[in-house]
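Secondary and tertiary structure notes
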Amino acid sequence: QVQLVESGGGLVQAGGSLSLSCAASGGTFSSYPMGWFRQAPGKEREFVAAIGWSGGYTYYADSVKGRFTISRDNAKNTVYLQMNSLKPEDTAVYYCAADETRFKGSSRYSWSESYDYWGQGTQVTVSS
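Cut-offs applied
Residues numbered from 1 in each chain as written. Predicted model: local features only at pLDDT ≥ 70, side-chain atom pairs only at ≥ 80, totals over all residues. Heavy atoms only, no water. Helix = DSSP H or I, 4+ residues; strand = E, 2+ residues; numbered from the N terminus. Buried < 20%, exposed > 50% of the residue type's maximum accessible area, 1.4 Å probe, protein only. Contact = heavy atoms within 4.5 Å. Polar contact = N/O pair within 3.5 Å; in protein donor to acceptor, adjacent residues only side chain to side chain. Disulfide = S-S within 2.5 Å.

What follows deals with the environment of Tyr 32. Tracing the backbone through its elements, the reader meets Tyr 32 in the loop between strand E3 (18-25) and strand E4 (34-39). Overall, the relative accessible area of 7% leaves Tyr 32 in the buried class. With ten residues separating them along the chain, Tyr 32 and Gly 42 place their C-alpha atoms 30 Å apart. Setting aside its immediate chain neighbours within four residues, Tyr 32 contacts Val 2, Gly 27, Trp 53, Arg 72, Ala 98, Asp 99 and Glu 100. Within the local environment of Tyr 32, its side chain forms a polar contact with the backbone nitrogen of Thr 28, the two atoms lying 3.1 Å apart.

Disulfides are covalent bonds that link the sulfur atoms of two cysteine residues. Tallying each qualifying case throughout the model produces one disulfide. Across the disulfide from Cys 22 sits Cys 96; the S-S distance is 1.9 Å. Across the S-S bond linking Cys 22 and Cys 96, the dihedral sits near 45°, which makes this disulfide right-handed. You can see Cys 22 sitting in strand E3 and its partner Cys 96 sitting in strand E9 (residues 92-98), a full 74 residues away along the chain. Under the relative-accessibility criterion, Cys 96 is labelled buried at 0%.

This is the structure we're talking about:
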């Protein structure tokens, strides 16, 4: 069983930065595509960013492209989300997710139903 634990959330002013981490235990992290999703109050969970098992492929939602960067360190079983130029509309609970399917079609990275394991989430609040 894979366990994912997010950290790094908090309160930041608009224009500021935060770095989220997601530490994995159990399973074979280095073979899992990983994703970040977020859910704001009253809204559905939405895709933020994803990265292939080797780190060679990354995908971003249009709303965060150019501001957020996803990366991973397979030696540390950790995936990161660097968030810059934060906006109030980025306020949400951020979740990381892992997919046991190593070779994942590009269209599936943004599909939350394709992920097998989820963390408990970390709150990010951006004040205006």
